[in-house]
Amino acid sequence: MFPAGRYSSQAHRCIRALKKVQAEHAAPQLYTTLHRRTCSSVSGPRITTHYTIHPRDKDPRWEGIEMERFADEADVVVVGGGPAGLSAAIRLKQLANEQEKELRVCLVEKASQIGAHTLSGACLEPSALNELIPDWKERGAPLNTPVTEDVFSILTEKHRIPVPMLPGLPMANHGNYIVRLGNFVRWLGEQAEELGVEIYPGYAASEDVFERGMELHAKVTLFGEGCHGHLAKQLYKQFNLRENCEPQTYAIGLKELWTIDEKKWRPGRVEHSVGWPLNRNTYGGSFLYHLNEGEPLVALGFVIGLDYSNPYLSPFREFQRWKHHPFVAPTLEGGTRIAYGARALNEGGLQSIPKLTFPGGLLMGCSPGFMNVPKIKGTHTAMKSGMLAAETIFPKVTAESLDSDTTGLHVTEYADALKSSWVWKELHAVRNIRPSFHNYFGLYGGMVYTGVFYWVFRGKEPWTLKHCGLDANQLKPAKDCTPIEYPKPDGKISFDLLSSVALSGTNHEGDQPPHLTLKDDSVPVARNLAIYDGPEQRFCPAGVYEYVPLETGDGMRLQINAQNCVHCKTCDIKDPSQNINWVVPEGGGGPAYNGM
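Residues numbered from 1 in each chain as written. Predicted model: local features only at pLDDT ≥ 70, side-chain atom pairs only at ≥ 80, totals over all residues. Heavy atoms only, no water.

Trainee: Go over the packing of helix α3 (residues 83-98) against helix α9 (residues 379-397), please, and point to the residues and values.
Mentor: Between α3 and α9, the shortest axis-to-axis distance is 7 Å and the interhelical angle comes to 35°. Our pair here, α3 against α9, has a crossing hand that is right-handed. Contacts from P83, A84, S87, A88, R91, L92, L95 and A96 in α3 reach T379, A382, M383, S385, G386, M387, A390, E391, I393 and F394 in α9. In terms of residue class, the contact of α3 with α9 is built from 12 nonpolar, four polar and two charged. (Axes fitted to C-alpha atoms, helices over the stretch in contact; angles between N-to-C directions. Helix = DSSP H or I, 4+ residues; strand = E, 2+ residues; numbered from the N terminus. Left-handed = near helix turned anticlockwise from the far one by under 90°. Contact = heavy atoms within 4.5 Å. Nonpolar A, V, L, I, M, F, W, Y, C, P; charged D, E, K, R; others polar.)

This is the structure in structure tokens:
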């Protein structure tokens, strides 16, 4: 994976350290017979063999395994190669170069290459980029499509109600750029490497013997894993970081790339809609962006709040149904779908931001949740949070008075800097828009609230609305809900799930322990299927979960097709029993998005 001679011996030690990322989340490779891609929630051989459920000191598979680790040191370790992590790494090296100080920055990314797990709309507000790399145009940043048209609609089943895009409304996109975020992130990675950041993408094991991973020590570790990060979940519990905030609330975003008839192509056009096919009490909407990248390309997608209540709802099938609307379908007719993907996103806003710092580290980007929900944008705030993280930790990690080269630092100044920045001001102004949709009139009540209290008063109302609690708690029992009948896909505009997943490039080695773990193997059938009619088989956008008949014919079992997982994290968020625990698979596994 890494060309010989290109990296220093110090860098190679850091590469070896990445085995910790995977060794900590996999059973010994020795026991390949225990690795199963497909599992069932029935009595018999246990489904989940992960160490988080079955501790190593009580697991006979670990007997006789050498547990001693080697260690390596860096000044700063960044976890996550997205906009926040790369912005932090770039800013750290900028400061080090300006002040002529040695600073070793290592960035670890679970994807096989930078940008391969990145998925977003995306309409980029360039404010943070202008601050970080003022000459980004000269450096060839892939921002090729300035917004030229801004269209917003309320959809009914057969018609469209146009809504004027008034200046100052959060969704106005004048001055923004339509981008393929994976390409932009890849370019940020190139800028970071030029400055001397050591970037290490997914590092999967290739041997049939287990080796204890190395420890990578740093003065500060910056966690920028993205929405609902696996390590962030552990940090919340270990340091009680969510003690004084509301539970995070999420949405799932599904996206496709299409090439369309050139006659229908309008580069720079941005379209958003709310309404059909969702009812007024289900939060969500659509986007359709016309890119200008040398071919008639459009990015389209659908976002649904994961606080929905009907267990029969399928986000994927709502997306496919939306494409048949008379305002949408003509753009796609005669076109070709070339890519598909899905990802969860934070929607809690200011009310759901946890404590951001703890001894030895901090949280940044979409990990704690800085997305501006009504704008449908989080890249600019994620980048700025990474830059502020770098600027506040830099004087600490370069101080000559440290007792140890890797003394864990608690940099509380980071939270103060964020609260004094335009990020906090922006999130405070829109803090009530998302929770305002929780009213009898739903969508329409929320739109009225937005018009009055945001557009007129700019979010200065003296109160802060609350969310409804955990998304996992919002589902109603299936007996209290009406099943949703979805039309069959036509194979031209709408498609089935498995052919869609095939376009994501997703792959996991089939003999690794499933990274989709259950806290209790009996819960899916006994509770999720019995009460909620198995909602995981509908909210998963990749066909990972399905209930199938037992071989004996006297019941059902849950089948987990872990190899299909696109790492959206929806199952971990929406499972009404909170029994699914998403953990990282072997390094490099997952989707292989190409500019999503």
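Trainee: Account for the pattern of salt bridges, naming residues and giving values.
Mentor: All told, the structure shown has 23 salt bridges when counted by the stated rule. R104 serves as the salt-bridge partner of E198, at 3.1 Å between the closest nitrogen and oxygen. Of this pair, E198 sits in strand β8 (residues 198-200) while R104 sits in the loop between α3 and β2 (105-108), and the two are 94 residues apart along the sequence. Using a relative accessible area of 15% as the deciding quantity, one classes E198 as buried. Residue R321 pairs with E318 through a salt bridge whose shortest N-O separation is 2.9 Å. Taken together, the positions of R321 and E318, both in helix α7 (residues 315-322) and three residues apart, correspond to about one turn of that helix. There is no split in this pair, since R321 and E318 are both buried. (Salt bridge = Lys/Arg side-chain N within 4 Å of Asp/Glu carboxyl O. Buried < 20%, exposed > 50% of the residue type's maximum accessible area, 1.4 Å probe, protein only.)

Trainee: Run through the environment of I252, naming residues and quoting values.
Mentor: With respect to the helices and strands, the residue I252 is situated in strand β10 (residues 250-259). The class for I252 is buried, based on a relative accessible area of 0%. Remark: the alpha-carbon pair of I252 and A344, spanning 92 residues in sequence, is separated by 4.3 Å. Among all residues touching I252, those that are not within four sequence positions of it are F302, V303, I304, L306, P315, R343, A344, L345, F539, P541 and T570.

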